[in-house]
Amino acid sequence: MDARVFLTLIVFGLTVTPLKAESNSPPVPETEQRAREVLREWSEECLSFTGVRGEILRIDYDDVFQQQKHSVGSFGYLGPQHGFFRYNPAPNQPDPDSLKKAPDGSPYEYKEGFSEEWRWQKSWIRSIDHREKKYEEYRIIKRPQTESEPKWYDFGRYLSEMDNLAPVLPGVPDQAKFDEFISDSDLKVIREYETHITIAGKPKLRRHAVFFQEFKLHLEKRPWRLKAVQYIQQGGQTSTVYLFSNVEFNPLEWDEPDLSDYQNLSDRPVVVEWPEKAKTSSTQQEVGSQVNWAAVRAGFAILSLIF
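Definitions and cut-offs
Residues numbered from 1 in each chain as written. Predicted model: local features only at pLDDT ≥ 70, side-chain atom pairs only at ≥ 80, totals over all residues. Heavy atoms only, no water. Helix = DSSP H or I, 4+ residues; strand = E, 2+ residues; numbered from the N terminus. Buried < 20%, exposed > 50% of the residue type's maximum accessible area, 1.4 Å probe, protein only. Salt bridge = Lys/Arg side-chain N within 4 Å of Asp/Glu carboxyl O. Contact = heavy atoms within 4.5 Å. Polar contact = N/O pair within 3.5 Å; in protein donor to acceptor, adjacent residues only side chain to side chain. Expected span 1.5 Å × (residues − 1). Arc of directions from axis to C-beta. Pairing = 2+ DSSP bridges. 1 Å grid on protein atoms, 1.4 Å probe; cavity = no way out; pocket = protein on both sides within 12 Å on 5 of 7 lines; lining within 4 Å. Points joined across faces, edges and corners; volume = space filled by probe spheres on them. Nonpolar A, V, L, I, M, F, W, Y, C, P; charged D, E, K, R; others polar. Phe/Tyr/Trp six-rings, centres within 6.5 Å; stacked < 30°, edge-to-face > 60°. Lys NZ or Arg CZ within 6 Å of the ring centre and 35° of its normal.

A. Highlighting unusual backbone geometry. In this model, Arg222 is joined to Pro223 through a cis peptide bond whose omega is -10 degrees. With respect to the secondary-structure elements, Pro223 resides in the loop between strand 10 (214-220) and strand 11 (225-232). Unusually for a residue other than glycine, Lys133 sits at a positive phi of about 55 degrees. Take Lys133: it is sitting in the loop between strand 6 (124-129) and strand 7 (134-142). Taking relative accessible area as the criterion, Lys133 reaches 36% and is therefore assigned partly exposed. Positioned with a positive phi, Asn246 is a non-glycine residue whose angle comes to about 45 degrees. Mapped onto the fold, Asn246 is located in strand 12 (residues 238-249).

Here you go:
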């Protein structure tokens, strides 16, 4: 099956039952109990993982403007304030037949994917534009919160932690926050087969609900491994699918990019961080981060079985 068919299956799979499965076993009924059981087992299998690093295939859908974007990149996580995301546009434009279809049957407009990088390093956050060789930097300070301050309005607080933008990563590197996220979400199994399961959920925590109204987790079995996540943003008309590949658990620490010849566009504004912080892992050493394009192409095939 070629890439055109794989991408077509991705689009159809976002709204209907999978077109094929890895076994002949029928899907189980939608149950919250089964969903929580699976996520608890997965979490328990990951108790030794305190960090994670890997590659991402990202697909963004905009149902308002009927557009679709593909990006490829990498990520790393050693703690709530020690991690990064980096994206580049996918190297090849997909065939129109593989794009999501509008109600009239016409393909969505393909737009170039994202070219951006976000990095968290304990006392600062950076947004980097490598094309223009520019970046913005936000310093983080700690101070007590007063009773009159509305938590829900402080978007600086949301941006100060990688966990708030990506609450679910392969390997459950932050057990406490994952358990909190899952316990405060409505969950259900939407399909299960011999080798994999897809769980849907709706967050009840305000700091997550501000970013998305629903999520789907696709996990492989034996052992439990998170392969993909879909986040459906507020309003239900935009969504993002992330497929993880070449995942490494408890990775060595990476070097920060050299920005000595980049222009700093910020005036060092402050982002407030509340004092309750999760522990981060100890300092480790560098690992390479080149994108494996063969894995990216294989990712499209895996996605055809997911959503």
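Anyway, onward from the coordinates.
B. Quick peek at the pattern of salt bridges. For the coordinates displayed, the defined rule picks out 17 salt bridges. Where Glu117 meets Arg119, a salt bridge forms, and the shortest distance between an N and an O atom there is 2.1 Å. Via salt bridges that share partners, Arg34, Glu37, Glu192 and Lys221 belong to a single interconnected network.

C. Expanded view of the environment of Arg126. The topology assignment puts Arg126 in strand 6. Separated by 140 residues in sequence, Arg126 and Ser266 have C-alpha atoms that sit 9.8 Å apart. Those residues in contact with Arg126, other than ones at most four positions away along the chain, are Glu117, Trp118, Arg119, Tyr135, Glu136, Glu137 and Leu259. Engagement of the side chain of Arg126 in a polar contact is seen with the side chain of Glu137, the distance being 2.5 Å.

D. Representation of helix 2 (residues 32-45) within the structure. In this model helix 2 runs 20 Å from its N-terminal to its C-terminal C-alpha over 14 residues, within 8% of the 20 Å that 1.5 Å per residue would give. Among the residues making up helix 2, those that are buried are Ala35, Val38, Leu39, Trp42 and Ser43. Projected onto a plane normal to the axis of helix 2, the buried residues spread over an arc of 135 degrees and lie on a single side. Where the residues of helix 2 are buried, they touch helix 5 (175-183), strand 8 (185-192), strand 9 (196-203), strand 10 and strand 11.

E. Just the pairing of strand 12, in detail. Alignment of strand 1 (residues 52-62) against strand 12, held across 10 bridges, turns out to be antiparallel. Along strand 12, the bridge assignment pairs Asp60 with Thr240. As paired strands, strand 11 and strand 12 are joined by five bridges and run antiparallel to one another. By the bridge assignment for strand 12, Gln230 is matched with Val241. In textbook terms, the turn of a hairpin is the stretch between consecutive antiparallel strands, and for strand 11 and strand 12 this stretch comprises five residues, one of which, Gly235, has a positive phi near 95 degrees.

F. Just empty space enclosed by the protein, in detail. Applying the stated criterion across every chain yields a total of two cavities of 30 Å³ or more. Taken as a whole, the largest cavity encloses approximately 130 Å³ of empty space. Along its surface, the largest cavity is lined by 15 residues, and Asp163, Ala166, Pro167, Val168 and Asp174 are the ones closest to its centre. Secondary structure elements with two or more residues in the lining of the largest cavity: helix 4 (162-165), helix 5 and helix 6 (206-209). Of all the elements, helix 5 adds the most residues to the lining of the largest cavity, at three residues. Its residues assigned to classes, the lining of the largest cavity comprises nine nonpolar, two polar and four charged.

G. Up close: helix 5. Within helix 5, the full set of buried residues consists of Gln175, Lys177, Phe178, Phe181 and Ile182. One face of helix 5 carries all of its buried residues, which in axial projection span an arc of 165 degrees. Contact partners of the buried residues in helix 5: helix 2, helix 4, strand 8, strand 9, helix 6 and strand 10.

H. Examining the packing of aromatic side chains more closely. Tallied over the entire structure, the rule returns 12 aromatic pairs. Aromatic pair Phe85 and Trp120: ring centres 6.3 Å apart, planes at 80 degrees, arrangement edge-to-face. Residue Phe85 is found in strand 3 (residues 82-89), and its partner Trp120 is found in strand 5 (residues 116-121); the two are separated by 35 residues along the sequence. Given a relative accessible area of 10%, Phe85 falls into the buried group. Centroid distance Phe181 to Phe212: 6.4 Å. Interplanar angle 70 degrees. Geometry classified as edge-to-face. On the criterion of sequence distance, the pair formed by Phe181 in helix 5 and Phe212 in the loop between helix 6 and strand 10 is long-range, its members being 31 residues apart. As far as burial versus exposure is concerned, Phe181 and Phe212 are alike and both buried. The structure contains a cluster of three or more aromatic residues connected by ring pairs, namely Phe181, Phe212, Phe215, Tyr231 and Tyr242. Sitting over the ring of Tyr87, Arg58 keeps its end group 4.8 Å from the ring centre. The ring of Phe114 has Lys69 lying over it, and the distance from NZ or CZ to the ring centre is 4.7 Å.

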